[in-house]
Each structure stands twice: as C-alpha cells, then as structure tokens.
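Per-entry structural report
Read off the chains here:
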Amino acid sequence: MIEVVAELSRGPVFLAGEALECVVTVTNPLPPTATSASSEALAWASAQIHCQFHASESRVALPPPDSSQPDVQPDSQTVFLPHRGERGQCILSTPPKILFCDLRLDPGESKSYSYSEVLPIEGPPSFRGQSVKYVYKLTIGCQRVNSPITLLRVPLRVLVLTGLQDVRFPQDEAVAPSSPFLEEDEGGKKDSWLAELAGERLMAATSCRSLHLYNISDGRGKVGTFGIFKSVYRLGEDVVGTLNLGEGTVACLQFSVSLQTEERVQPEYQRRRGAGGVPSVSHVTHARHQESCLHTTRTSFSLPIPLSSTPGFCTAIVSLKWRLHFEFVTSREPGLVLLPPVEQPEPTTWTGPEQVPVDTFNWVHFGIWSHR
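Residues numbered from 1 in each chain as written. Predicted model: local features only at pLDDT ≥ 70, side-chain atom pairs only at ≥ 80, totals over all residues. Heavy atoms only, no water.

Before going further, it helps to spend a moment on the state of the cysteines. Taken as a whole, this structure holds zero disulfides when the rule is applied. The structure places no disulfide on Cys-90, whose sulfur is separated from the nearest cysteine sulfur, that of Cys-51, by 7.4 Å. (Disulfide = S-S within 2.5 Å.)

So this is what it looks like as structure tokens:
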C-alpha cells in the first residue's frame, strides 16, 4: 500500500496566470519494523492541471462530436489520462510533468517532490451554474509495478481578471516591483509582479466613485429615484444604494431589491423551447433586502457580494452578469394618505383602511460588475 499526499503551498484559489506550487509526498505507511519484502515499487508518477466542461443537455445545444476522428482515450489502464471518468469534456490542460520514475520505498520511508505549473491565462473562470460548469483540478497519477494507475484529484478555484490576458512580464528587473529584503527566483518575481498588477487594477477600478441616478416609473407616474455610487465591486464588498421616494407621484408601500447573477446561454447554443428545452436564462439570488416604505422619503440598502461567488465573465457558450432586481408594491389610489390628520377639532377615533388596492412591477439595473 502506498499513501500519496498533495499539499498546495498557497491554498486552492488562484488567479489565471499565476503559478501553482504543490508538494507531493509519497509514503510507505507500513511500520519500519516490517520485513524488507514489504517494500513498494512505483513505476512512475505524473501531474497535470485540466479544466473540465459540462453542459446541461436541457439548456445547451452543443454541436455533435466529430465522428470522423477516432477516440483518443484508450481502454488501457496504464496510460495517464487526468480526466478519465470525469463528466463532460476536457477543454483546457497543461502539459503533463513527470514527478519520478522507478521509485522504491522501504517500510516507513517517504519522499517528497515539487510540482509547479502556470495556470493558463486564456481559460474560463471556475464556475458551477445551472447551464454550464467549468471545473479546474490538479490530477496526480501514480502507478505501482504491474498495477493500474491510481489518480488523486485536487479541486482548484481559478479567477480570471479581465485585461491581464494581454499583459507581458517585463524583462527589465528594474521595472518589476520587488522587495530588496527577499530573495526570489524568476517564477516568484513573476507571481508577485502579476499579483501586484492585479491588485493595482482592481483598486483603480473599484475605488472610482461617481453618483449615478435613475428615475423609476410605472405606467401611472414616477415612483422614485435610485442612486448608486459605483458600478465595479470586488468579491466581499457591499453594494450600497439609495432610494428617494419623496419625489414620486405614485405612493410606494413596499419594495425589495435582490443582488443576482444572470447566466445566459449564447444564442447559437440555445436549445429551442419547442424541442423540450428549458429557458436559456437563469438567475441566482445572492442577497436580498425588503422594506415597508409608506411615508418614507429616503432610504438605503446594503447587499454583500459573497466571496464564494464568480465574477462576471463571457465565453463562446455562456455569459454571466450581475444585476440588481427591484420589485415595487405601489398604491392604485392617487394621493394615498394612511395617517390621521395632525390637527383635529375634537378627540376622534381613527382607523386605517383594511384594504388598499395595489400594483406590483419589476425594475432591473444591470450596471453592476463584480471582480476578484
């Protein structure tokens, strides 16, 4: 028996273009007092990063596979295929790297090997939606002598920052930011430079504040004014907005606002409804605020963006956008007043109306961009 442990030095979350570093430890778990006949012989071990794509058949109409090309996945269990047995298809992978060959471990002996690879910058982000899924994994294959291959899969989360695909690592060391107190190799310099560049771009994009105002109206008049101070946010930030209902001509009794993602299948891959397909657009609510607002002049709301969510992106098959979805409950009666008069000539008993005829309508704001 052989025990294989993979340890990611910086955790499982990466930015596309960063280098993944992993330490693979192979151990013979038998006690050292065991006989020499208990030694284990390993033929080889390899590692590879791949992205697995899976689409919902009821939502996405993918083109049929090319039957003229033979299947490149042999039935032999002695060939290293990281995506063997996985659902969907492998759309992106790095070249496999050999960790060792012809290794023999005595009882209680262990050896460690380092694996490093740059995550492809042209791939999609990690995403688990209702229509498609993009899943990244680090797969380590190990084969004992005269035995089938055993696979160890380590799930990864990859985030893509728009604009970094065209960035090139500077060759001049004076240009790349570095610390004079640390000794870094070329790979470490590139990673730190990429992380610092991504941080600078995110800070520049998410720190810009400018008040944007939008009038909200239904078929009978103006309900209020919605205000938002910026349109680009980082994961973990709060989306803060204001509502000015004092300027409206239609009384608003209640409103709710939801922070949602919209997953939309591209038109050429949409499955027709008449063919048994479901809608090609799906929404997921991440945060919600509801408030009764009759006689409220101004109010505000704050919706947190979950750290586990995926920033907006677009591929050839699907796009993901963030939005604010409002639902308003308004009165059908013009000039609705549900408070007793302030001045009364004599004490009287006042009772509010038991029923108020209302209308509901939705309003959507798409000017929300979420980044890492």
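The grouping of Leu-211, Leu-213, Phe-229 and Val-240 at the surface amounts to a nonpolar patch, some 350 Å² of accessible area in total. Taking the relative accessible area as the measure of exposure, Phe-229 reaches 32% and is therefore partly exposed. (Patch = residues over 30% accessible without salt bridge, like charges linked within 9 Å, V, L, I, M, F, W, Y side chains within 5 Å. Areas by Shrake-Rupley, 256 points an atom, 1.4 Å probe, with all protein chains shown as cover. Salt bridge = Lys/Arg side-chain N within 4 Å of Asp/Glu carboxyl O. Buried < 20%, exposed > 50% of the residue type's maximum accessible area, 1.4 Å probe, protein only.)

Positive phi, close to 50 degrees, is recorded for Asp-102, a residue that is not glycine. Look at Asp-102 and you get exposed, because its relative accessible area is 70%. One non-glycine residue, Asn-146, adopts positive backbone phi at about 60 degrees. Classification of Asn-146 as exposed rests on a relative accessible area of 79%.

A separate point is the packing of aromatic side chains. Summed over the entire model, instances satisfying the criterion amount to 14 aromatic pairs. Measuring from centroid to centroid gives 5.3 Å for Phe-127 and Phe-313, while their planes differ by 70 degrees, and the two rings are edge-to-face. Of this pair, Phe-127 sits in strand β8 (residues 127–128) while Phe-313 is found in strand β18 (residues 313–314), placing the two residues 186 residues apart along the sequence. As far as burial versus exposure is concerned, Phe-127 and Phe-313 are alike and both buried. Taken together, a centroid distance of 6.3 Å and an interplanar angle of 55 degrees make the contact between Tyr-214 and Trp-363 tilted. Of this pair, Tyr-214 sits in strand β11 (residues 212–218) while Trp-363 sits in strand β20 (residues 358–371); the two residues are 149 residues apart in sequence, bridging distant segments of the chain. For Trp-363, a relative accessible area of 18% translates into the label buried. Clustering of aromatic rings is evident, with ring pairs tying together Tyr-214, Phe-226, Phe-255, Phe-301, Phe-326, Phe-328, Phe-361 and Trp-363. (Phe/Tyr/Trp six-rings, centres within 6.5 Å; stacked < 30°, edge-to-face > 60°. Helix = DSSP H or I, 4+ residues; strand = E, 2+ residues; numbered from the N terminus.)

Counting 40 residues, the largest nonpolar core has Leu-20, Leu-99, Phe-100, Val-132, Tyr-134, Leu-138 and Leu-156 as the members making the most contacts within it. Taken together, the elements giving at least two residues each to this core come down to β3 (19–27), β4 (40–55), β6 (97–105), β7 (110–118), β9 (132–144), β10 (149–159) and β19 (318–331). By residue number, the principal contributor to this core is β4, which donates seven residues. Two domains each put at least three residues into this core: domain 1 (3–61 + 78–161) and domain 2 (212–338 + 356–366). If we ignore the near neighbours within four places in the chain, the residues touching Leu-20 are Leu-8, Phe-14, Ile-49, Tyr-115, Ser-116, Glu-117, Leu-138 and Leu-156. Membership of the second largest hydrophobic core comes to 25 residues, among which are Ile-228, Tyr-233, Leu-235 and Trp-322. (Core = buried A, V, L, I, M, F, W, Y, C linked by side-chain atoms within 4.5 Å. Domains from an automatic or database assignment. Contact = heavy atoms within 4.5 Å.)

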